[in-house]
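Notes for the structure review
Below are the chains, spelled out letter by letter.
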Amino acid sequence: MPRMNRHPENLPENKNSFFSDGFGSRELSRLQASEYRYRKIFDNLNVSIWEEDYTGVYRLLNEIKDDGEEDLQSYLKGHPETLQRILQEIKILDVNDATLRMYHAPSKEAFLGSLDKIFVDESTDNFIREMVAIADGERFFEGETLGRKLTGEMMDLLLQISVPEKNGRGDYRNVLVAIIDITERKNREREHLHLLQMAESLRKTTLALASTMDRDQILDLILDEIVENTHYSAIALGLKDEQGRIKIFRRRDDGRHQIDQNELERLYNRNDHGILGSLPDSPDPVLIKDTRREDRWIATPANEWVRSFLGMPIVVRGRVIGLIGFCGDRPGMFGTAMITTLEPYVLSAAMALENARLYAEAQHEIAERQAAEEQIQKSLDEKKILLMEIHHRVKNNLSIIASLLNLHGDQIHTVEQARSALQLSQSRVHSMALVHENLYQSKDLARIDIAYYIQRLLDELLALYSMSDTISVHTKVEELYLNVTRAVPFGLLLNELITNALTHAFVGVDGGELKIRFETKEEEQGYLLVVEDNGVGLPETVNIESSTSLGLQLVRVLTEQLGGDIRVRREKGSCFCISFPIEESPV
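Everything numeric in this text was worked out from a predicted model, so none of it was measured. Each residue is numbered by its place in its chain's sequence as written, counting from 1. Only residues with pLDDT of at least 70 get local features here, since the model is predicted, and only at 80 or more are side-chain atom pairs given and counted; chain-wide, interface and lining totals rely on the full set of residues. Side-chain calculation: all heavy atoms of the structure are included, whereas hydrogens and water are not.

Quick look at the packing of helix α16 (residues 484-505) against helix α17 (residues 550-561)
Any two packed helices are characterised by how steeply their axes cross, that is the angle between the axes, and by the distance between the axes. Two numbers describe how α16 lies on α17: the axes approach to 9 Å, and their chain directions differ by 150°. What the angle tells us is that α16 and α17 run roughly antiparallel. Handedness of the α16/α17 crossing: left-handed. Where α16 abuts α17, its residues P489, L492, L493, E496 and L497 lie against G551, L554, V555, L558, T559 and Q561. Here the residues of the contact of α16 with α17 are counted per class, giving seven nonpolar, three polar and one charged. Axis definition: a line fitted to C-alpha atoms, over the contacting stretch in the case of helices. Angles run 0 to 180 degrees between N-to-C directions. Each helix is a run of H or I in the DSSP string that is no shorter than four residues. Each strand is a run of E no shorter than two, and both are numbered from the N terminus. Our angle categories are set so that under 35 degrees counts as roughly parallel, over 145 as roughly antiparallel, 65 to 115 as roughly perpendicular, and the remainder as oblique. Two helices crossing with the near one rotated counterclockwise from the far one by less than a right angle form a left-handed crossing, whereas a clockwise rotation gives a right-handed crossing. Residues count as neighbours in contact if any of their non-hydrogen atoms are within 4.5 Å of one another. In this classification, the charged set is Asp, Glu, Lys and Arg, the nonpolar set is Ala, Val, Leu, Ile, Met, Phe, Trp, Tyr, Cys and Pro, and all remaining amino acids, among them Gly, are polar.

Some remarks on the sheet that holds strand β15 (residues 471-477)
The strand order β15-β17-β18-β20-β19 describes an open sheet built from five strands, whose pairing is mixed. Each edge of the open sheet carries a strand with a single partner, namely β15 and β19 (565-569). When strand polarity is set aside, the average angle formed by the axes of neighbouring strands in this sheet is 10°. When DSSP finds at least two bridges between two strands, those strands are taken to pair. Relative to strand β20 (residues 574-581), β19 is paired through five bridges, and the arrangement is antiparallel. Looking at β20, one finds that I566 is bridged to I578. In the packing of helix α15 (residues 450-464) onto the sheet, contacts are made with β15 and β17 (512-521), and the angle to β15 comes to roughly 170°.

Focus on the sheet that holds strand β11 (residues 286-288)
If you walk across this open sheet you meet the five strands as β10-β9-β13-β12-β11, and the pairing is antiparallel. The open sheet has two free edges, formed respectively by β10 (246-253) and β11, since each of these has just one partner strand. Neighbour to neighbour, the strand axes of the sheet diverge by 15° on average, direction disregarded. Both strand β9 (residues 234-240) and β10 contribute to a ladder of seven bridges, which runs antiparallel. By the bridge assignment for β10, L237 is matched with R250. Along the sheet face, helix α10 (residues 215-229) touches β9, β10 and β13 (319-328) and points at about 40° away from the line of β10.

Concerning the pattern of salt bridges
Salt bridge, as applied in this entry: a Lys or Arg side-chain nitrogen positioned within 4 Å of an Asp or Glu carboxyl oxygen. Enumeration according to the criterion identifies 26 salt bridges in this entry. Here R185 makes a salt bridge to E189, at a shortest N to O gap of 3.3 Å. With R185 and E189 both in helix α9 (residues 183-210), this residue pair falls four residues apart, about one helical turn. Judged by its relative accessible area of 37%, E189 falls in the partly exposed class. The salt bridge partner of D290 is R293, with a shortest N-O separation of 3.5 Å. If you follow the salt bridges from partner to partner, you end up with R59, E63, E89 and K91 in one network. Categorising residues by exposure relies on relative accessible area from a 1.4 Å probe, with only protein chains included: less than 20% of the type maximum marks a residue as buried, more than 50% marks it as exposed, and the intermediate range marks it as partly exposed.

Brief notes about the pairing of strand β8 (residues 175-181)
Of the pairings in the sheet, the one linking strand β2 (residues 48-53) to β8 comprises five bridges and is antiparallel in character. Residue E52 lies in a different strand from β8, and its bridge partner there is V175. Both strand β5 (residues 154-162) and β8 contribute to a ladder of six bridges, which runs antiparallel. Looking at β8, one finds that S162 is bridged to L176.

Some details on helix α2 (residues 55-66)
Over its 12 residues, α2 extends 17 Å from the first C-alpha to the last, a length consistent with the 16 Å expected when each residue adds 1.5 Å. Here α2 has its buried residues at G56, V57, L60, L61 and I64. One side of α2 holds all its buried residues, which, seen down the axis, span an arc of 130°. Buried residues in α2 make contact with α3 (72-78), α4 (80-89) and α8 (124-135). Just past α2, the residue G68 takes up positive phi, approximately 95°. An expected span of 1.5 Å times one less than the residue number is assigned to each helix. Note: the arc covers the axis-to-C-beta directions of the helix.

Observations concerning the packing of aromatic side chains
Geometry of aromatic contacts follows a simple scheme: Phe, Tyr and Trp rings, the Trp one being its six-membered ring, pair when their centres are within 6.5 Å, and the pair is stacked under 30 degrees between planes, edge-to-face over 60, tilted otherwise. Counted by the stated rule, this structure contains 12 aromatic pairs. Considering the side-chain rings of F490 and F580, the 6.2 Å spacing of their centres and the 55° angle between planes classify their relative orientation as tilted. Pair noted here: F490 is in helix α16 and F580 is in strand β20, with a separation of 90 residues, a long-range link. Judged by its relative accessible area of 2%, F580 is buried. Taken together, W50, Y103, F111 and F119 form an aromatic cluster joined through their ring pairs.

Brief notes about the state of the cysteines
Note on disulfides: each one is a pair of cysteine sulfur atoms within 2.5 Å. Per the counting criterion, the structure on display carries zero disulfides. Note on C575: no disulfide assigned, nearest cysteine sulfur contributed by C577 at a separation of 3.7 Å. Assessed through its relative accessible area of 5%, C577 is described here as buried.

Digging into α4
In an α-helix, one full turn covers 3.6 residues, which means residues spaced three or four apart are oriented alike. Within α4, the full set of buried residues consists of T82, L83, I86 and L87. Projected down its long axis, α4 carries its buried residues within an arc of 145°, all on one side.

A short note on the side chain of H257
Within the element layout of this structure, H257 appears in the loop between β10 and α11 (261-268). Accessibility expressed as a relative area gives 15% for H257, which makes it buried. Polar contact criterion, stated in full: a pair of N or O atoms within 3.5 Å, where within protein one must be able to donate a hydrogen and the other to accept it, and residues adjacent in sequence count only if both atoms are side-chain atoms. Side chain to side chain, H257 and R256 meet in a polar contact 3.4 Å long. Side chain to side chain, H257 and D329 meet in a polar contact 3.1 Å long. With sequence-adjacent residues up to four places away left out, H257 is seen in contact with S233, A234, W305 and D329.

Have a look at this one:
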């Protein structure tokens, strides 16, 4: 607020001369005694008293009203030049000793010469309200304002203005202004209000944290409330990972300073990096009021702007799980009062984060349990289906065995033929048994691993015909699975083709080569089985479609059962190519 005029010359040099004319000696003595008592009170009252002349002020305010301005308050706010003229019309006649003490002025002359230092812009609104009261003819005005001591300290002030009456009208030549320093009271009020705001903030925070188990939401809630109720240049919130290293999850800054996340994580996670490196293991707050006076603070290009620092650990059951770091761009930005303010928030954060962790673990355990239960239920369902089918399959398999034996029976005329028929029947029955053996040993009770099945069948047939050392076998089989319904005819078919090669292809030959390939044909959405040998070859007189050979008849019937077709090549041995669709053909 601009400086007001001081007019000590308005005070009479000889106070007695004020009463020397026009008064009798008795009246003069009475007035002198009254003046003496007034001065006594004025000088010794322990309240700042200002004696001011508002004559020019009152005149200017009336001129504004006479010009038709009805809303004086709005007018003065919008016309700072008029407000400046009004201020210049205030004449300070005198101030008492209490005023000098309150403003820390060494003398009245020094005080009156430094009025521009004690008025602040924040007092303008109160001054406008004061002027509106004067213009309305009020004899008393009271309001709160701000001022500054000559030493620079700000004060909260209670301003009381009294306009004396003379002949039923206001005497604006001798306006008394009393100023009371209410800084302590206002500080208590602000502290009380701050505590109420903190309590409300904590209440809202606690309710909000209780309504979520999501870690990211918890971090945002905590940091938002801290930002709302504290001052800072930059904040970083970090949590420990499984290796015990700090990872920064949230950052805030004032727009002027930023924290480099990678650099900060590096500083926190280096045990040899002074005070920051010790933070992840310290359950106590770390306060650095001036980083340039702290030997343990190690400055880097990324943090050279940091002049004060506060580290608040997030502790659960004595174990540090994270921390909140506050950086300030000037010394003394943080203190013990801020630690007291932050502790409830950090405690709430610790509890909420621990609850979220336990909740996440419980959810994970529940998910694992549900998955296990689903797997058990799936297995039970598969076993039920297999149990219902087992009688049907046993019946079918026995029927197949009976049919095979019956077919062999029609062709047996000698002991040697009977021995051969039994050997062939043995291999066929074993191929069927091998399907079920693989099925029951598998985790998936509904499908057969064909690559594993082919290798097992090959090993057993080579051993059965004692050809493991004479025949070179090459397989190329994709990782494919067939359900049990298709695996049985596929196994019998493969058994016939391999048995045919082992018993007929290498007669009179010292050794040979057998190749087996099983793969998908994506363009035809089917499978391809190839059994190839380099033996004596299939005679030209043998027709696969009309052959009376039991083995070739089985090959043809089983291929039809799979819904496939068969092609035979006779160059350099024999090659059977059987293709069948991926989907089961209707029977």
